[in-house]
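As a plain string of letters, each chain reads:
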Amino acid sequence: MASKRKVGEAKLEKEELDLFVDAPPDDDDDGDDEDGDTSDSEESVYSGLEEEPSSEEEEEDDNGDHGTEDTTDISRTAINDTTGFAGTSSTERLDNRPPPDEYEFDSSDEEDIRNTVGNIPMEWYNDYPHIGYNLDGKKIMKPAKGDELDEFLNKMDNPDYWRTVKDKTTGEDVKLTDEELDIIQQIQNGKYPDKAYNPYEPYIDFFTHEKMIHPVTNRPRDKRSFIPSLVEKEKVSKLVHAIKMGWIKPRKARDDEPKYYDIWENDNQYTPDKRYQTHIPAPKLKLPGHEESYNPPPEYLPSEEEILAWNQADPEDRRQAFLSKKYDALRKVPAYAGFVKERFERCLDLYLCPRQRKMRANVTAEDLIPKLPKPRDLQPFPTTLSVVYEGHTDIVRCISVEPTGQWLVSGSDDETLRFWEVATGRCRKVLQLGGRVRSVAWCPNTAVCLVAAVVDNKVIIINPSLGDKLVYHSTDNLLNTYEAPESLETKLPVEWVAAEGKEHDTGIRLRIAHPKTIRQVTWHGKGDYFAIVMPDGGSMSVLIHQLTKRRSQNPFRKSKGLVQCVLFHPVRPFLF
Amino acid sequence: MGRLMKKKYESGAATAYITRNRAINYLQISLPDFRRLCILKGVYPREPKNKKKANKGSTAPRTFYLMKDIQYLSHEPIINKFREFKVFVKKLKKAFAKAEHGRVETLQENKPVYKLDHIIKERYPTFVDALRDLDDCLCLVFLFATFPQTKNIPGDFVRRCRHLSVEFMNFIVAAKALKKVFLSIKGIYYQVEMQGQVVTWLVPYSFGFNAKACADVDFRVMAHFVEFYITMLGFVNFKLYTSLGLHYPPKLTFEAKLKDDDEKNPYCLESEATGERLAALSASLASVVTQNTEEDEVELDEFEDSRTLEAKQEEEKQKAFQKLFNGLKVFVSREVPREPIVFTVRSFGGEASWDRSVAMGATFDESDETITHQIMDRPKADRQYLSRYYIQPQWLFDCVNAKMLLPVEDYFPGVVLPPHLSPFVEYKEGDYVPPEKEALSRRQQGLDTGDAVSEEADVSEEEEEEEEEGKEEEEIDDEDDEEEEDEEDDDDDDDDEKEEEVQKVERKMPVKRKQDDVPETPPSNMKVKEGKLDYEDASSKANREEWEARKLAILMIPKKRKRLFEKLSKRERRKKHEAKKLTTKREEFEKSQKDMKKKQRLSNK
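About the thresholds
Residues numbered from 1 in each chain as written. Chains lettered and ligands numbered in written order. Predicted model: local features only at pLDDT ≥ 70, side-chain atom pairs only at ≥ 80, totals over all residues. Heavy atoms only, no water. Helix = DSSP H or I, 4+ residues; strand = E, 2+ residues; numbered from the N terminus. Buried < 20%, exposed > 50% of the residue type's maximum accessible area, 1.4 Å probe, protein only. Contact = heavy atoms within 4.5 Å. Areas by Shrake-Rupley, 256 points an atom, 1.4 Å probe, with all protein chains shown as cover. Buried area = accessible area lost by both parts, 1.4 Å probe. Salt bridge = Lys/Arg side-chain N within 4 Å of Asp/Glu carboxyl O. Polar contact = N/O pair within 3.5 Å; in protein donor to acceptor, adjacent residues only side chain to side chain. Core = buried A, V, L, I, M, F, W, Y, C linked by side-chain atoms within 4.5 Å. Patch = residues over 30% accessible without salt bridge, like charges linked within 9 Å, V, L, I, M, F, W, Y side chains within 5 Å. Lys, Arg positive; Asp, Glu negative; His and termini not counted. Charge placed at Lys NZ, Arg CZ, Asp CG, Glu CD. Pairing = 2+ DSSP bridges. Axes fitted to C-alpha atoms, helices over the stretch in contact; angles between N-to-C directions. Disulfide = S-S within 2.5 Å. Parallel < 35°, antiparallel > 145°, perpendicular 65-115°, else oblique. Nonpolar A, V, L, I, M, F, W, Y, C, P; charged D, E, K, R; others polar. pLDDT = per-residue confidence, 0-100. Phe/Tyr/Trp six-rings, centres within 6.5 Å; stacked < 30°, edge-to-face > 60°. Lys NZ or Arg CZ within 6 Å of the ring centre and 35° of its normal. Expected span 1.5 Å × (residues − 1). Arc of directions from axis to C-beta.

Engineer: Can you help me understand the overall build of chain B in this one?
Structural biologist: The secondary structure content of chain B amounts to 23 helices and nine strands. Among the 605 residues that make up chain B, the fraction classed as buried is 40%. Look at the contacts in chain B between residues 6 or more apart in sequence, and 62% of them connect residues 24 or more apart. Accessible area for chain B stands at about 36100 Å²; split by element, carbon and sulfur atoms hold 51% of it.

Engineer: Looking at this structure, I do not really get the interface of chain A and chain B. What am I missing?
Structural biologist: How big an interface is tends to be expressed through the accessible area that disappears when the partners come together. The interface of chain A with chain B comprises 75 residues on the first partner and 108 residues on the second. Interface area for chain A against chain B, summed over the two sides, is near 8200 Å², with a carbon-plus-sulfur share of 62%. Looking at the side of chain A facing chain B, the largest losses of area belong to Tyr 260, Trp 264 and Tyr 351 of chain A, adding up to 11% of the total buried there. The residue Glu 306 of chain A makes a salt bridge to Lys 581 of chain B at a minimum N-O spacing of 3.2 Å. Counting the contacts that link chain A with chain B gives 36 residue pairs in polar contact (both at pLDDT 80 or more). Only α10 (274–278), α12 (339–352) and α13 (365–368) of chain A provide two or more residues apiece to the side of chain A that touches chain B. The element that contributes the greatest number of residues to the side of chain A that touches chain B is α12 of chain A, accounting for 12 residues.

Engineer: Looking at this structure, I do not really get the nonpolar core. What am I missing?
Structural biologist: As a rule of thumb, nonpolar side chains are buried together in soluble globular proteins. Counting 137 residues, the largest nonpolar core has Phe 34, Leu 134, Phe 168, Met 194, Trp 201 and Met 232 of chain B as its most contacted members. Here this core takes 16 residues from helix α12 (residues 219–243) of chain B, the largest share from any one element. When sequence neighbours within four positions are dropped, the list of residues in contact with Phe 34 of chain B reads Arg 20, Ala 23, Ile 24, Leu 27, Ile 29, Tyr 65, Ile 70 and Leu 73 of chain B. Residues Val 448, Val 459, Trp 496 and Trp 523 of chain A belong to the second largest nonpolar core, which totals 23 residues.

Engineer: When you look at the side chain of Thr 200 of chain B in this model, what are you seeing that I'm missing?
Structural biologist: The residue Thr 200 of chain B is located in strand β5 (residues 197–204) in this model. Judged by its relative accessible area of 9%, Thr 200 of chain B falls in the buried class. A polar side-chain atom of Thr 200 of chain B sits 3.1 Å from a polar atom in the side chain of Gln 191 of chain B. Once residues lying within four places of it in the same chain are set aside, the contact partners of Thr 200 of chain B are Leu 287 of chain A together with Asp 135, Tyr 189, Tyr 190, Gln 191 and Phe 424 of chain B.

Engineer: Is there a simple way to explain a positive patch on the surface in this structure?
Structural biologist: Together, Lys 358 and Arg 360 of chain A together with Lys 567, Lys 570, Arg 571 and Arg 574 of chain B line one region of the surface with positive charge. Among the secondary structure elements, Lys 567 of chain B is positioned in helix α23 (residues 559–604). For Lys 567 of chain B, a relative accessible area of 53% puts it in the exposed group.

Engineer: For this particular structure, what's the right way to read the sheet that holds strand β8 (residues 373–375) of chain B?
Structural biologist: Each strand in a sheet pairs with its neighbour through backbone hydrogen bonds, running either in the same direction (parallel) or in the opposite one (antiparallel). All names here are of chain B. Read from one edge of the open sheet, four strands run β7-β6-β8-β9, paired in parallel fashion. Of all strands in the sheet, those with a lone pairing partner are β7 (351–354) and β9 (389–391), marking the two edges. The sheet shows a mean angle of 25° between the axes of neighbouring strands, taken without regard to direction. With four bridges connecting them, strand β6 (residues 329–332) and β7 associate as parallel partners.

Engineer: Which parts of the structure should I look at to understand the state of the cysteines?
Structural biologist: Here a disulfide denotes one covalent bond, and it connects the sulfur atoms of two cysteines. According to the stated counting rule, one finds zero disulfides over all chains in the structure shown. Cysteine Cys 137 of chain B shares no disulfide, and the gap to the nearest cysteine sulfur, in Cys 161 of chain B, comes to 8.8 Å.

Engineer: Explain the sheet that holds strand β7 (residues 416–421) of chain A here, please?
Structural biologist: All names here are of chain A. Strand order in the open sheet formed by four strands is β5-β6-β7-β8, with antiparallel pairing between adjacent strands. Each edge of the sheet is formed by a strand with only one pairing partner; in this case those strands are β5 (396–401) and β8 (427–432). The mean inter-strand angle of the sheet, taken between neighbouring strand axes irrespective of direction, is 20°.

Engineer: What is the right way to read the packing of helix α2 (residues 20–27) of chain B against helix α3 (residues 31–41) of chain B from this model?
Structural biologist: Helix-helix packing: each pair is described by the crossing angle between the helix axes and the interaxial distance. All names here are of chain B. The interhelical angle for the contact between α2 and α3, taken along N-to-C directions, is 95°, at an axis separation of 10 Å. The angle between the axes of α2 and α3 places the two elements in the roughly perpendicular class. Across the interface between the two elements, Arg 20, Ala 23, Ile 24 and Leu 27 of α2 pack against Leu 31, Phe 34 and Leu 37 of α3. For the contact of α2 with α3, the per-class residue count stands at six nonpolar, no polar and one charged.

Engineer: Help me out: how do you make sense of the pairing of strand β3 (residues 178–183) of chain B in this one?
Structural biologist: If a strand is regular, its side chains alternate between the two faces of the sheet. Residues and elements named next belong to chain B. By the criterion of burial, β3 is predominantly enclosed, with five of the six residues buried. Taken together, the five bridges between β3 and strand β4 (residues 187–194) define a ladder with antiparallel strand orientation. Along β4, the bridge assignment pairs Leu 178 with Val 192. Between β3 and β4, which follow one another and run antiparallel, lie three residues.

Engineer: Explanation requested: the pattern of salt bridges in the structure shown.
Structural biologist: It is possible for side chains of opposite charge to pair when their charged atoms get near one another. All chains considered together, the criterion is met by 42 salt bridges over all chains. The salt bridge involving Lys 332 of chain A is made with Asp 328 of chain A; its shortest N-O contact spans 3.1 Å. Among the residues examined, Asp 328 of chain A registers a relative accessible area of 51% and is labelled exposed. Across the salt bridge formed by Arg 586 of chain B and Glu 590 of chain B, the nearest N and O atoms sit 3.2 Å from each other. Of this pair, Arg 586 of chain B and Glu 590 of chain B both sit in helix α23, four residues apart, roughly one helical turn. Judged by its relative accessible area of 37%, Glu 590 of chain B falls in the partly exposed class. Counted as one network, the salt bridges with shared partners bring together Glu 299 of chain A together with Glu 436, Arg 586 and Glu 590 of chain B.

Engineer: When you look at the confidence of the model for chain B in this model, what are you seeing that I'm missing?
Structural biologist: Interpretation of the predicted coordinates at a detailed level should be avoided for regions scoring low in pLDDT. Residue and element names in this part refer to chain B. Predicted confidence across chain B gives a mean pLDDT of 80, with 79% of residues reaching 70 or more. Across chain B, the element-wise mean pLDDT spans from 41 in helix α20 (residues 471–492) up to 95 in helix α6 (residues 77–97). In the model, residues 291–300 has pLDDT below 50 throughout and makes five contacts with residues more than four positions away in sequence or in other chains. Predicted confidence for residues 449–522 stays below pLDDT 50, and this span has 52 contacts to residues more than four positions away or in other chains.

Engineer: Is there a simple way to think about the packing of aromatic side chains in this case?
Structural biologist: Two numbers describe a pair of aromatic rings. These are the distance of the centres and the angle of the planes. Enumeration according to the criterion identifies 37 aromatic pairs over all chains in this entry. Their ring planes at 70° and their centres at 6.1 Å tell us that Tyr 189 of chain B and Phe 424 of chain B sit as a pair that is edge-to-face. You can see Tyr 189 of chain B sitting in strand β4 and its partner Phe 424 of chain B sitting in the loop between α17 (394–402) and α18 (435–444), a full 235 residues away along the chain. The exposure class assigned to Phe 424 of chain B is buried, which follows from its relative accessible area of 8%. One aromatic cluster is present, formed by Tyr 260 and Tyr 261 of chain A together with Phe 171, Phe 235, Phe 238, Tyr 241 and Tyr 248 of chain B through successive ring pairs. Over the ring of Trp 310 of chain A we find Arg 318 of chain A; its NZ or CZ atom is 3.8 Å from the centre of that ring.

Engineer: Got a minute to help me understand the pairing of strand β10 (residues 451–455) of chain A in this structure?
Structural biologist: Residue and element names in this part refer to chain A. Counted residue by residue, β10 has five buried out of five residues, so it is predominantly covered. Residues Val 451, Ala 453 and Val 455 of β10 are buried on one face, and the alternating residues Ala 452 and Val 454, pointing to the opposite face, are buried as well. Where strand β9 (residues 437–442) and β10 come together, five bridges link them in antiparallel fashion. In the sheet register, Val 437 faces β10, and the bridge partner there is Val 455. Pairing analysis gives five bridges linking β10 to strand β11 (residues 458–462), with the strands arranged antiparallel.

Engineer: Quick question: what am I supposed to make of a nonpolar patch on the surface here?
Structural biologist: Among the surface-exposed residues, Leu 239, Ile 243, Met 245, Trp 247 and Ile 248 of chain A lie close enough to one another that they form a single nonpolar patch of about 550 Å² accessible area. Following the sequence through the fold, Ile 243 of chain A ends up in helix α9 (residues 230–244).

Engineer: Looking at this structure, how should I read unusual backbone geometry?
Structural biologist: A negative phi holds for most residues other than glycine; trans holds for most peptide bonds. All names here are of chain B. Its identity is not glycine, yet Gln 28 carries a phi of approximately 60°, on the positive side. As for its position among the elements, Gln 28 is in the loop between α2 and α3. Residue Gln 28 is classed as exposed on the basis of its relative accessible area, which comes to 60%. Despite not being glycine, Lys 176 shows a phi value in the positive range, around 50°. Mapped onto the fold, Lys 176 is located in the loop between α11 (157–175) and β3.

Engineer: Is there a simple way to explain α12 of chain A in this structure?
Structural biologist: Each α-helix turn comprises 3.6 residues. Residues three or four places apart therefore point the same way. Compared with an ideal rise of 1.5 Å per residue, which puts 14 residues at 20 Å, α12 of chain A spans 20 Å between its outermost C-alpha atoms and is within 8% of the ideal. Listing the buried residues of α12 of chain A in full gives Phe 339, Val 340, Arg 343, Phe 344, Arg 346, Cys 347, Leu 350 and Tyr 351 of chain A. When α12 of chain A is viewed along its axis, its buried side chains cluster within an angular range of 160° and face the same direction. Structurally, α12 of chain A contributes buried residues whose contacts are with α3, β2 (64–66), α10 (134–144), β5 and α12 of chain B.

Structural data, given as C-alpha cells:
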C-alpha cells in the first residue's frame, strides 16, 4: 500500500515538483513575509500555465487544515487515506464512494481513478465548477476557493503551508508528509528515493570458494553414477574387437614427401618410339659472352652514346637485354633486377612458343660461291681471225655445220645457199633457192648427207653431194626407196613434192609446202624426223615430218602461245 | 569420272593439327588446367609447315598443337585428378561456409594429390634425356631456393628446392664434375659435365626478394614448372648419387659429424642441423660401399695407337684439371659470398673454411698456419699472415676457366683486376679475340711462362721510349702511308660499299705488318721503305685480280642460293664490323691508358 501511495505522490510531485524546489529552505530559516513573498512570486512564475493558481491555493488552505490532521491520523492504508481525503474535501462525495475493496489489489500501471477525465490539460475545466468525473460518472466539484486574503492568511497562519500541494486531478490541497518530503529531497539530490537503501552493501557470497565439510545438498548419489554403463561397455568391446581383428586401423599421417627411386633402372632396353622421335627439344639458352661479365674487358663497355641509345630504345628492339658494366670488386655487384622476369619468360617460351624443326644451312657465304675455272686455264682462246668466208651479197641469216665438221652451210637474204669447206674457206657450191633462206639445218645422221633449208613456206631437202661419194649416193637411194602408201590420208595441208630434172641435178630432192611461212627447221638426232615451226599456223604451229615415209604429224592439238622455237632432246624422245 | 571428289580439309595438315581452343574442348578441361597439363606433360604448340592448310583455309593467327599430342594428353590420369581437385575445392568451400570444422579437417586430410613419376619416365625415357633437359630445371630450382616462402608459392616448394639444389651441389663436389664458372652481372653461371652431357645453369647472387621487380610475373606458371622440376631433379639426384655409390638421402661421413657434434652449434635447431651441415658443402659424403683408396680406373686397351695415346693424354689432362686446387687450403672471409667459393674450391679438390660465426660446418679457423690462400674482397686486410696469399675471389674462377693456377699477383686485394672473361665463348675465324684471351691461350700452351701482362706493359713502355726518340721519322712514315691509302681509295671509288670493305680488310693486313716491322728495323734506313712500295703495288694488283674473279664467281651463284648467300654475307659483314669496332675501342682505350701513364710519370718526375 505504501508503494502505491508513493507512486501517487511521485506523480503529483512530478507535476508540482518545481514548486518545492526552494520552499523548504525558506521555511527552515524563518517564516518571514519577504521570504514567503519571494517564494510566492516564484511560484507564480513557475505555475504560469495555470490561470488562477492563487485563488485555488486559498481554497485549499482551509481544507488543508483539516486534511493534514486527517492524513497524519490515518497514515497507513490507502483506503483510509482516500476516505480521509474524501472526508476533508466534501462529505457528500464520501457517501458516493465505491466500496474500498476495489483498491485492495493494485498494480503500478493502474491509472488514477479518482478523476476519469484522463490525461488532458486541466485548464479546460477552469470555467466549470467541477473538475472532472468520478468513476460513477458524478461530477467532481471544485473545492471551495478562498480569495487572496484567505490565501495570505493561510500562508501566515498555517505552519504547514509550505508542504501543502494542490492535487491537480481533484483540485484539493494535499499536505505532504515527512517521508514524502524525504523522498523528494533524496531525488533532488540525485540519490535513491529510499533513504534506507544502501547500494553498497557488503557482498556475501553464498557459495564460498572455501571447501565446506558438508555437502550443499544431502541427496545420496544414484546407483548409475558408480556402476559402469552396460551400453558403453558393449560399444567399447565392439571397437576393441574390430581393432583386434584388424578391421579398424589407426589413421596414418599422410606423407606428402615425395619418394625417389631409380626410375631409369633399365633404360638401356628402351627403344625409341615415334613420339620420341618427333619430339622437338627446346633450344638451350645462349651462353653468355664477355659482355655479360661483371668485369668485362674495356672494349665491351658501351660508350655514352650507346648507353643513351639503349635507354631510348624499346625493350624489344634492344640487341642486349642488359647494359654491360664494370664493377671493380665482386662485393659491389648488385642483384640483377630482371632475373625472375627472364626466368619467367623462358618458362613461357617453353610451353607457349610453337616449335618447328628448321634446317639450318651450315655453310658460310664463301662455300656458296661456285668454283669457276680461272681464265688462264681456259686458254688458248681463238684470238685471231683465221678464215673469212666471202661470197654472200646480203646478210647471212643462218649457218649449220656438218656433223663431221668438214662442211658448213649458210643461208642468206640474197636467196642463195652456200656450201663451204670449213678448213679452207672455199665455197664449194651455191644454190639459188628463190627466196630468203630463214633457217638451215644439216642432218645429224652421218650416214646420210642431207640439208634442210627453209624458204618462205617451204622446206627444201637438199643433197649437197659433198664429201664421201658412198654416203651421198646411199642418201639418194634412201630417198628413192619411197613408195607412196595405198591410202593417202593426209589431214594436214602439207604437200610433199619430189624434185626432178634440173632441180634434181642441182641437189634439191624434196620440197614440202606449208600453208604459212616457216620460221625454223630442226632435225631429230637419228636423222629421220625433223620438226618445223610455223608461228602463224595456229594449232599447226609445230609439225613433225618423217623423211623416209614422207609423212607429217601434228604433235600439239593446241598451242598455248606463239611457238618460236623447238628442239629435240639429243637422246631421249622429248620435244621441247 | 565415277570417282568421288576428295573433300577439302579432311586429311593432311588440317587433321594433323588442332587449335588450342578445339584442344580444350576436346579434353573437356579449363584453360588453366590445360596450361598446367601442357607444362607437366611437356606438350608444346607446333608450327605447321603450311599454316593456311592447317587452319582450314583461314589465315587468322592461331596456335596449333599436334592432334596426336592432344590425344596423348587425353589418356593422362592426371586429368582425373584435376577434376577430383575441383570437387574437393567445392566441398571444402561448402564445409567452410557451414562452419563444419570437423568435415573441413577430414576433407583436408583426404585432399587429392597426384604424382608425376610416370610423367618423368614418359618424358625422359632414358637418363641421358633427363640430363639433356636439366639446364632450365636447375636454373629454376636454384632461383626458387632463394625465394622467401610467400603466398604466391604454393606448398613447401622453397624448402624442397633448397634441399635439392644442395644435394645436387654436393654431388658435383663429390663427382668433381664442374667445368666452368662465370661471374656475370646476372649471377653465376656454372657448367658441369655428366655422362657426356654438358649442363649449364645460372644462380643469382644472394640478395633479398625484390617484389617490385617481379610485378608482372605469374608465379603460378612458374610454380607448375617448379612442381615438375622438383620431381625430376629428385630422380636425377637419386640416379646420380647411386651411380657414384653414395647414399641417396645424402649422408655425411662419420668424422664430419663428429667434428660438428663437439661444438655446440647455436645456428639452428638440432633437427635442421644435418641439412645445414650439408648445405655448408664442407664435409664429404658417405658412400654405400667402403671407399677404395685407389679408384677403379678403366684401363684403356694396350694398343700403341696414336688415337689411344691421344685419348690417354686427354684423360690425364682431365684428371689434372679435376685436381686443380689439390692441396689448397682456402679461407673465405665473411664479406665474400661463401657458397660459390666453397663449391668451386671443393669441386677441384681444395679445402675451404670460414669464420665459425658465419655459418655451420667450418673446418678450420683463420689462425690456422697451413692456410695457403685467403679470399677477401676488401681493399686491405686488418691482420695479415705471412704464410698465405690474400687474393680476390676472381682468382679462383679465372683459374678454373684457364684450367691452370694463374699467378696470384694480379689478384691481390686493392689491385685493379684483370678482366673476367667468359669461358663459354668459342672463337671462330674472324671473331674478335680480346688480348687477354690471347695472352692466356699462349700461357696455356706453355709458350709464355712468365707474366704476360706485365711483359706487355714493359714492351709498351719500351715502345713509348722508342716512339719518343724517332718521332719525326715516324711522322714521315705515317704521311706516306696515308698517301698510299689515298691513292688506293681513288682506285676504289667506283666500287660499291661491300667491295670496299673487303678491300679495306685486305689492305689492313700489310699495313699492320708494316707497323710491326717499324720498331725492329733501324729507323734511319729509308731504302727499305722504297722496296716495300713496289711490293705493295704488286700485291694490290694481285688482290684486285683475285677480287674481280671473286666478284665474277658471286655473279654465278644460282638464283636459288643467292638470297641465302646475301643473308650470310650480311651477317659476316656485321660480325666483321663489330669485331672492328671492338678493336678500335680497345686501341683507343690502350692509348688513353698510355697517356695516363705518361702523365703520371711526368708528374712523378
